[in-house]
Each structure stands twice: as C-alpha cells, then as structure tokens.
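Next come the chains, spelled out residue by residue.
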Amino acid sequence: MTELGLPDGIQACLFDLDGVITKTAVVHAAAWKQTFDDFLHRRDGDSFRPFDEVADYDEYVDGRPRADGVRTFLESRDIHLPEGGPGDPPERETVQGLGNRKNELVLDLIRTRGVDAYDGTIRYVEAVRAAGLRTAVVSSSTNCRDILRSIGAEQLFDVRIDGIVAAERHLPGKPHPDTFLAAARDLGVEAKSAAVFEDALAGMDAGRSGHFGYVVGVDRVGQADALRAHGADVVVTDLAELGERS
C-alpha cells in the first residue's frame, strides 16, 4: 500500500460528491423525505407510511440520478406514475415532477443552510494531487459545479462527470458504472488503475461492476457492513484514515 492507503498501481481517484466531499447527504435526505411524504399523504391520507430518511434513502435514492431515485422508491411501494417530461412543474404528480420538486427543495435548503466540506476529504484530495495522481468528481447531482465552487474546491478536480454531463452523454447513473468509467476515460486511465470513493450503496455497486482497482466505502451513517457487502475493498469513516492504514 502507498502512503495514501491505496494499492500500488493506482493512478487516479474518482470521488463522489454528496457524503464524501460535502456534507450535503443529510440535506438531500431531508428534501427527499418532504417530497415523498407530501406525495404519500395526498395519496393515502393520514394512514400513509412515511419515507424513512435512513433505510429508504440508503436503499432507493442515495447516489442515484434524481428520476431513478423517484422510480426506485415508488416501485418499492408498488406505485407507478407517468414519466412526464423534464419541464414538468414541481406540483405535477409524475416521475419528473416529483424529481423537480425534490430539486427545488434541496436548492432551498442549500441556500438557507449553506454547504460544508469534509475537511479530511479536502486534505486527502490535496495529498492525492501532490503525489501526482489525477482526480475526478463523479456525482448524479446537476448542481455539482455550483456546490464545488461554493466550497472553493472546483480546482481540485481534473474532470467532472455530474448529472448534466451524464445527460449530455446519455450515461446511465449509479448503480451502473458508466459515469465512473467515463471519468476514468477522461483522465486517460483504465478502470483497474483508478480508485472509487463512495458513501452510497449504489456507488459501491458501480465500483464493483466497473472492475475498478480499489473501492473505498466512506461510512458516514453506520452502514459499514452494507458497504462491504456491496463491494467496498475498505471502509473508513473519514478519508484521513487511509494514510494511517498505509
């Protein structure tokens, strides 16, 4: 293992945004809960079963593109909505409309709460770059660039594959590996020479199915066993721990 806690031969590091670089996972979970609870309450009345910010978030929406998260969660409740279109207003009960409602809520929360970075991650990314490795941010968020700019970290990443880029290139989102594979290609490295850093179970699945050289699970919410089961080679609570393992 190198001083960065990575296997020899790793040339690039691919980092998820929410929950790895920034402390925005809790904001997304809150926005998803409000979106789905409002919808379920309108549908089922006071007897509705609320969205669980831990179990439902981790299993069905975390790390996935927004519309995929809507579909996957609703399917878990045997609910099927029309797809609608990207321009659907947030009050329209379609997959795209609910997704747009969630995005509206998360942007409001980010504006009111602000965005904080994980200091351990920022230091680790700086150490990775100082060691000559290339870096990419891989996120399903369409707000990725604005969030990176808000924490002064855009310059730390050579490549950005986010929700906007994925849509332009028609890349399926996590748990498919395509966005991570695109980042590796843009960096000029093979998957086996790249490490994936993720906190979402869908991200672990993407790292495993993409046959990346190393998959690091970042456990922010006490799901270490699940991260390992979904493909993590190592699990840490903060990236600062990786150097201590070398």
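Provided above is the structure to which this section pertains.
Small disclaimer: the values here were computed from a predicted structure and weren't measured.

Chemist: I'd love a proper account of the pattern of salt bridges, names of residues and values included.
Modeler: Evaluation of the coordinates by the stated rule reveals 21 salt bridges. A salt bridge links D56 to R77; its shortest N-O distance comes to 3.4 Å. Here R77 lies in the loop between α3 (66-76) and α4 (95-113) and D56 lies in helix α2 (residues 55-61), a separation of 21 residues in the sequence. On the accessibility criterion, D56 (10% relative accessible area) is buried. Looking at R77, the relative accessible area reads 15%, which means it is buried. Between D238 and R220 there is a salt bridge whose closest N-O contact spans 3.7 Å. Remark: R220 occurs in the loop between β5 (214-218) and α10 (224-229) and D238 occurs in the loop between β6 (234-236) and α11 (240-245); sequence separation between them is 18 residues. The network of salt bridges with common partners includes D16, K174 and E198.

Chemist: Which residues make up the layout of surface pockets, and what values go with them?
Modeler: The volume enclosed by the largest pocket comes to roughly 720 Å³. Lining of the largest pocket is provided by 37 residues; of these, P65, R66, A67, S140 and T142 occupy positions nearest its centre. Counting residues per element, the lining of the largest pocket draws most heavily on α4, at seven residues. Class assignment for the residues of the lining of the largest pocket results in twelve nonpolar, 15 polar and ten charged. In this structure, the second largest pocket encloses a volume near 250 Å³. Forming the boundary of the second largest pocket are 18 residues, of which A25, V26, A29, Y57 and V221 lie nearest the centre. Elements with a minimum of two residues in the lining of the second largest pocket: α1 (25-44) and α2. In terms of residues, the lining of the second largest pocket owes the most to one element, α1, which gives three residues.

Criteria and cut-off values
The residue count restarts for each chain, going from 1 along the sequence in the order it is written. In view of the model being predicted, local features appear only for residues whose pLDDT reaches at least 70, and side-chain atom pairs are presented and counted only at 80 or more, with totals across whole chains, interfaces and linings using the full set of residues. Hydrogens and water molecules were not included; the side-chain quantities draw on all heavy atoms of the structure. Whenever a carboxyl oxygen of Asp or Glu lies within 4 Å of a side-chain nitrogen of Lys or Arg, that contact is scored as a salt bridge. Each helix is a run of H or I in the DSSP string that is no shorter than four residues. Each strand is a run of E no shorter than two, and both are numbered from the N terminus. In this scheme, a residue with accessible area under 20% of its type's maximum is buried, one over 50% is exposed, and one in between is partly exposed, where area comes from a 1.4 Å probe on protein chains only. Buriedness for pockets is judged along seven lines, at least five of which must meet protein on both sides within 12 Å for an open set on the 1 Å grid over protein atoms alone, while cavities are sets there where a 1.4 Å probe fits but cannot get out, and lining residues have an atom within 4 Å of a point. Grid points are joined across faces, edges and corners, and a volume is the space filled by probe spheres set on the points. Each residue receives one of three labels: charged for Asp, Glu, Lys and Arg, nonpolar for Ala, Val, Leu, Ile, Met, Phe, Trp, Tyr, Cys and Pro, and polar for the others, Gly being one of them.

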